[in-house]
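Residues per chain are reported as follows:
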Amino acid sequence: MRLQVALDVLDLPSALTLAGQVAEHVDILELGTPLVKSAGIAAVSAIKAAHPDKLVFVDLKTADAGELEAALAFEAGADLVTVMGAADDDTVRGAVAAGRKYGKQVVADMITVVEGRVARIREVSKLGVSFVEIHAGLDEQARPGYTIDTLLEDGRLAGVPFSIAGGIKIDTIGAVREAGATVAVAGGAIYNAADPGAAAKELKKRATA
Ligand SMILES: O=C(CO)[C@H](O)[C@H](O)COP(=O)(O)O
C-alpha cells in the first residue's frame, strides 16, 4: 500500500519544508485544498520541481467545471487531481477527459457522500476515475464517536480500487492496509507530529508490513 502525505499547511514555504522532511518515506505528496486556495496553483509547480521523483496529488475537490479545473492542475505539473464524487456526472466526466488528454490520473473524493456511498463509488468508477478516495473530512472527524471503520467497510464492499483518508494514525494504518486500500492518506498524523519525518517513516513501515 502506498503512503500519501497531505500537506495541509497554508503557505508554500511551510509546504516545501514539510515535504522535505517526509518525502523519503512517502510515495505521494498531496497539496491539500487549503494550501491550493492560499498559495495558488503555482504551488503545484514548485512542489513538483522540488520533488520530481514523487507523484504530486492536487486536492482540488472540484465541484463544477471538471475539465477546466483538472487541466489547470495538470498544466502546473500534477500527476493526480481530485474531483468530488458527489459532483454532477458530467463534472466527473470532464475531469476524466482532462486526465486522458494529459496522460494523468483523476481521483473521485467521496467526502460528504455517506448515504449510498458504495453505490456512488461504483458509479463514479464507471465514469473513468483511476480510483476513489473514501474520505471523512476534518469536520466529520471532529464529531464525537467518529471512527474510520465505516470507511474501511465501504472500501471492502465496493470492489474497486480505493484510497482512505480520515484521520489515519499509526495505530489504524494497519487496518487500512488489511481492508485492501491501494493508498493511505495521512495529514494530521504527520504534520502535527513532533518529528514529521519519523511519523512518516513509521506509517510507511506499517503501510507495507
Ligand atoms: O482532504 C483533507 C480534508 O478534507 C485532508 O487532507 C485528509 O482528510 C487527510 O488529512 P487527515 O489525515 O488529517 O484526515
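Here the structure is shown first, and the text comes after it.
Residues numbered from 1 in each chain as written. Predicted model: local features only at pLDDT ≥ 70, side-chain atom pairs only at ≥ 80, totals over all residues. Heavy atoms only, no water.

(A) Representation of the packing of helix α1 (residues 12-22) against helix α3 (residues 42-50) within the structure. One can describe the packing of α1 onto α3 by two numbers: an axis separation of 11 Å at closest approach and a directional angle of 25 degrees. As judged from the angle between their axes, α1 and α3 are roughly parallel. Crossing hand, α1 versus α3: right-handed. Where α1 approaches α3, its residues Leu12, Ala15 and Leu16 are matched on the opposing element by Ala43, Ala46, Ile47 and Ala50. (Axes fitted to C-alpha atoms, helices over the stretch in contact; angles between N-to-C directions. Helix = DSSP H or I, 4+ residues; strand = E, 2+ residues; numbered from the N terminus. Parallel < 35°, antiparallel > 145°, perpendicular 65-115°, else oblique. Left-handed = near helix turned anticlockwise from the far one by under 90°. Contact = heavy atoms within 4.5 Å.)

(B) Just the site of the ligand, in detail. What surrounds the ligand is a group of 14 residues, the closest being Asp8, His135, Gln141, Gly167 and Gly187. Asp59 is positioned such that a nitrogen or oxygen atom in its side chain is 3.2 Å from an oxygen atom of the ligand. Between the ligand and the protein, one listed contact pairs an oxygen atom with a side-chain N or O atom of Gln141 at 2.7 Å. In isolation the ligand offers 370 Å² of accessible surface; the protein chains occlude 92% of this area. Where the shell around the ligand is concerned, the elements lending two or more residues are β3 (55-62) and α7 (138-141). (Near = heavy atom within 4 Å. Polar contact = N/O pair within 3.5 Å; in protein donor to acceptor, adjacent residues only side chain to side chain. Areas by Shrake-Rupley, 256 points an atom, 1.4 Å probe, with all protein chains shown as cover.)

(C) Representation of helix α4 (residues 66-76) within the structure. Those residues of α4 lying buried are Gly66, Ala70, Ala71, Ala73, Phe74 and Ala76. Buried-residue contacts for α4 involve α3, β3, β4 (80-84), α5 (89-102) and β5 (105-109). Positive backbone phi, at 115 degrees, marks Gly77, one or two positions downstream of α4. (Buried < 20%, exposed > 50% of the residue type's maximum accessible area, 1.4 Å probe, protein only.)

(D) Looking closely at α5. With 14 residues, α5 should reach 20 Å at 1.5 Å per residue; the first-to-last C-alpha distance of 20 Å fits that figure. Those residues of α5 that sit buried are Thr91, Val92, Gly94, Ala95, Val96, Ala98 and Gly99. Here α5 starts with a cap whose side-chain oxygen sits 2.8 Å from the backbone nitrogen of Asp90, and that cap is Asp88. Backbone geometry just downstream of α5 places Gly103 in the positive-phi region, at approximately 70 degrees. (Expected span 1.5 Å × (residues − 1).)

(E) Structural view of the nonpolar core. Grouped together as the largest cluster of nonpolar side chains are 60 residues, with contacts concentrated most on Leu31, Val58, Val132 and Ile164. By residue number, the principal contributor to this core is α4, which donates 5 residues. Those residues within four positions of Val58 in sequence are excluded, and the remaining contacts are Leu31, Val36, Val44, Ala73, Ala78, Leu80, Val81 and Thr82. (Core = buried A, V, L, I, M, F, W, Y, C linked by side-chain atoms within 4.5 Å.)

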